[in-house]
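Close look at the chain arrangement
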Amino acid sequence: MAAKKKIANGNIEARLASLRADFAALQSDMKGLYGDVSEVASERAAQAMKSAEDIADRAVALAEEAAKEGKALALEYKDGAEEWAEENAEELRAHVRAQPLQSLLIAGGIGVFLGAIFLRR
(Lines give C-alpha, C1' and ligand atoms only; values in the text may rest on other atoms or scores of the structure.)
Protein backbone atom coordinates (compact mmCIF):
# COMPACT_ATOMS: atom_id res chain seq x y z
CA MET A 1 0.00 0.00 0.00
CA ALA A 2 2.89 2.34 0.71
CA ALA A 3 4.14 1.61 -2.79
CA LYS A 4 0.81 2.68 -4.23
CA LYS A 5 0.97 5.95 -2.29
CA LYS A 6 4.51 6.53 -3.51
CA ILE A 7 3.45 5.87 -7.11
CA ALA A 8 0.37 8.08 -6.66
CA ASN A 9 2.47 10.88 -5.10
CA GLY A 10 5.02 10.59 -7.89
CA ASN A 11 2.22 10.62 -10.47
CA ILE A 12 0.66 13.71 -8.87
CA GLU A 13 4.02 15.43 -8.69
CA ALA A 14 4.63 14.65 -12.37
CA ARG A 15 1.22 16.02 -13.24
CA LEU A 16 1.87 19.14 -11.14
CA ALA A 17 5.21 19.64 -12.84
CA SER A 18 3.51 19.22 -16.20
CA LEU A 19 0.81 21.72 -15.18
CA ARG A 20 3.46 24.20 -14.01
CA ALA A 21 5.25 23.89 -17.34
CA ASP A 22 1.96 24.33 -19.21
CA PHE A 23 1.13 27.34 -17.05
CA ALA A 24 4.56 28.90 -17.71
CA ALA A 25 4.10 28.30 -21.45
CA LEU A 26 0.63 29.85 -21.24
CA GLN A 27 2.05 32.91 -19.47
CA SER A 28 4.73 33.23 -22.12
CA ASP A 29 2.13 32.92 -24.87
CA MET A 30 -0.09 35.53 -23.18
CA LYS A 31 2.82 37.98 -22.95
CA GLY A 32 3.57 37.44 -26.63
CA LEU A 33 -0.09 37.84 -27.49
CA TYR A 34 -0.26 41.06 -25.46
CA GLY A 35 2.74 42.39 -27.39
CA ASP A 36 1.13 41.41 -30.69
CA VAL A 37 -2.20 42.97 -29.72
CA SER A 38 -0.46 46.17 -28.62
CA GLU A 39 1.44 46.34 -31.88
CA VAL A 40 -1.71 45.74 -33.96
CA ALA A 41 -3.64 48.28 -31.89
CA SER A 42 -0.88 50.86 -32.41
CA GLU A 43 -0.87 50.20 -36.14
CA ARG A 44 -4.67 50.47 -36.29
CA ALA A 45 -4.59 53.70 -34.28
CA ALA A 46 -1.97 55.12 -36.67
CA GLN A 47 -4.11 54.10 -39.65
CA ALA A 48 -7.20 55.66 -38.08
CA MET A 49 -5.28 58.88 -37.40
CA LYS A 50 -4.04 58.99 -41.00
CA SER A 51 -7.59 58.43 -42.28
CA ALA A 52 -8.89 61.19 -40.01
CA GLU A 53 -6.19 63.56 -41.26
CA ASP A 54 -7.06 62.73 -44.88
CA ILE A 55 -10.75 63.33 -44.22
CA ALA A 56 -9.98 66.61 -42.45
CA ASP A 57 -7.80 67.75 -45.38
CA ARG A 58 -10.59 66.93 -47.84
CA ALA A 59 -13.13 68.75 -45.66
CA VAL A 60 -10.91 71.84 -45.52
CA ALA A 61 -10.44 71.75 -49.29
CA LEU A 62 -14.22 71.42 -49.83
CA ALA A 63 -14.90 74.25 -47.37
CA GLU A 64 -12.39 76.50 -49.13
CA GLU A 65 -13.95 75.70 -52.50
CA ALA A 66 -17.46 76.37 -51.16
CA ALA A 67 -16.27 79.66 -49.66
CA LYS A 68 -14.79 80.74 -52.99
CA GLU A 69 -18.00 79.82 -54.82
CA GLY A 70 -20.08 81.61 -52.19
CA LYS A 71 -17.94 84.72 -52.44
CA ALA A 72 -18.24 84.71 -56.24
CA LEU A 73 -22.01 84.26 -56.00
CA ALA A 74 -22.29 87.05 -53.42
CA LEU A 75 -20.33 89.38 -55.70
CA GLU A 76 -22.68 88.53 -58.57
CA TYR A 77 -25.73 89.29 -56.41
CA LYS A 78 -24.12 92.49 -55.16
CA ASP A 79 -23.41 93.62 -58.69
CA GLY A 80 -26.96 92.74 -59.73
CA ALA A 81 -28.44 94.64 -56.78
CA GLU A 82 -26.30 97.70 -57.53
CA GLU A 83 -27.38 97.60 -61.16
CA TRP A 84 -31.05 97.29 -60.21
CA ALA A 85 -30.74 100.12 -57.67
CA GLU A 86 -29.10 102.40 -60.20
CA GLU A 87 -31.73 101.61 -62.82
CA ASN A 88 -34.68 102.10 -60.47
CA ALA A 89 -33.40 104.85 -58.17
CA GLU A 90 -34.70 107.72 -60.29
CA GLU A 91 -38.10 106.07 -60.70
CA LEU A 92 -38.29 105.51 -56.93
CA ARG A 93 -37.32 109.14 -56.23
CA ALA A 94 -40.05 110.35 -58.60
CA HIS A 95 -42.62 108.14 -56.88
CA VAL A 96 -41.59 109.41 -53.41
CA ARG A 97 -41.79 113.04 -54.61
CA ALA A 98 -45.22 112.43 -56.12
CA GLN A 99 -46.68 110.67 -53.05
CA PRO A 100 -44.58 111.52 -49.97
CA LEU A 101 -47.20 110.57 -47.35
CA GLN A 102 -47.84 107.13 -48.87
CA SER A 103 -44.08 106.52 -49.15
CA LEU A 104 -43.57 107.53 -45.52
CA LEU A 105 -46.34 105.18 -44.34
CA ILE A 106 -44.96 102.30 -46.41
CA ALA A 107 -41.44 102.87 -45.03
CA GLY A 108 -42.82 103.04 -41.47
CA GLY A 109 -44.81 99.83 -41.96
CA ILE A 110 -41.72 98.05 -43.24
CA GLY A 111 -39.76 99.38 -40.26
CA VAL A 112 -42.36 98.12 -37.78
CA PHE A 113 -42.44 94.73 -39.51
CA LEU A 114 -38.65 94.34 -39.47
CA GLY A 115 -38.49 95.57 -35.89
CA ALA A 116 -41.02 92.95 -34.82
CA ILE A 117 -39.04 90.23 -36.54
CA PHE A 118 -35.68 91.25 -35.06
CA LEU A 119 -37.01 91.85 -31.55
CA ARG A 120 -38.62 88.39 -31.45
CA ARG A 121 -35.32 86.64 -30.79
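Bear in mind that the values here come from a model prediction, so they are computed numbers and not experimental data.

**So, the overall build of the protein**
- Helix and strand counts for the protein come out as two helices and zero strands.
- Considering only C-alpha atoms, the protein reaches an extent of 135 × 30 × 10 Å along its principal axes.
- When each of the 121 residues of the protein is scored for burial, the buried share is 1%.
- Here the protein holds 16 positive side-chain charges and 20 negative ones, and the gap between their average locations is 19 Å.

**Notes on a nonpolar patch on the surface**
- Nonpolar side chains collect at one region of the surface, where Ile106, Ile110, Phe113, Leu114, Ile117 and Phe118 lie side by side and expose about 600 Å² of accessible area between them.
- Tracing the sequence through the fold places Phe118 in helix α2 (residues 100-119).
- We classify Phe118 as exposed; its relative accessible area is 56%.

**Remarks on the side chain of Ser103**
- The residue Ser103 is located in helix α2 in this model.
- One polar contact links the side chain of Ser103 to the main-chain carbonyl oxygen of Gln99, over a distance of 2.9 Å.
- Among all residues touching Ser103, those that are not within four sequence positions of it are His95 and Val96.

**So, the pattern of salt bridges**
- Applying the stated criterion across every chain yields a total of four salt bridges.
- Measuring nitrogen to oxygen at the nearest pair gives 3.3 Å for the salt bridge that ties Asp54 to Lys50. Taken as a pair, Asp54 and Lys50 lie in helix α1 (residues 2-98) at a separation of four residues, close to a single helical turn.
- One salt bridge connects Glu90 with Arg93, and the closest N-O pair in it is separated by 3.5 Å. Of this pair, Glu90 and Arg93 are both found in helix α1, three residues apart, which corresponds to roughly one turn of the helix.
- On the accessibility criterion, Glu90 (49% relative accessible area) is partly exposed.
- For Arg93, a relative accessible area of 44% corresponds to the partly exposed category.
- Here the residues in one salt-bridge network are Lys78, Asp79 and Glu82, joined through shared partners.

**Considering the environment of Ala48**
- The topology assignment puts Ala48 in helix α1.
- Sequence separation of Ala48 and Glu76 is 28 residues, and the distance between their C-alpha atoms is 42 Å.

**Comments concerning the environment of Asp36**
- Along the chain, Asp36 falls in helix α1.
- Taking the C-alpha atoms as reference points, Asp36 and Asn11, 25 residues apart in sequence, are found 37 Å from one another.

Rules used in this analysis
- The written sequence of each chain sets the order in which its residues are numbered from 1.
- Two thresholds apply to this predicted model, a pLDDT of at least 70 for residue-level local features and 80 or more for giving and counting side-chain atom pairs, whereas whole-chain, interface and lining totals are computed over all residues.
- As a convention, hydrogens and water are excluded, and side-chain values are obtained from all of the structure's heavy atoms.
- Secondary structure follows DSSP: runs of H or I at least 4 residues long count as helices, runs of E at least 2 residues long count as strands, and numbering of each begins at the N terminus.
- Throughout this description, buried means an accessible area under 20% of the type-specific maximum (1.4 Å probe, protein chains only), exposed means over 50%, and partly exposed covers the range between.
- For this count, His and the chain ends are skipped, Lys and Arg are scored as positive, and Asp and Glu as negative.
- Taken as the charge centre is NZ of Lys, CZ of Arg, CG of Asp or CD of Glu, depending on the residue.
- For patch detection, residues must exceed 30% relative accessible area and be free of salt bridges, and they are connected within 9 Å for like charges or within 5 Å for nonpolar side chains (Val, Leu, Ile, Met, Phe, Trp, Tyr).
- Only the protein chains shown count as cover for residues, with accessible areas throughout obtained via the Shrake-Rupley method and a probe of 1.4 Å.
- A pair is scored as a salt bridge if a Lys or Arg side-chain nitrogen falls within 4 Å of a carboxyl oxygen belonging to Asp or Glu.
- Here a polar contact is recorded for every N or O atom pair within 3.5 Å, except that within protein the pair must consist of a potential hydrogen donor and a potential acceptor, and residues adjacent in sequence are included only if both atoms are side-chain atoms.
- Any two residues whose heavy atoms approach within 4.5 Å at even a single point are treated as in contact.

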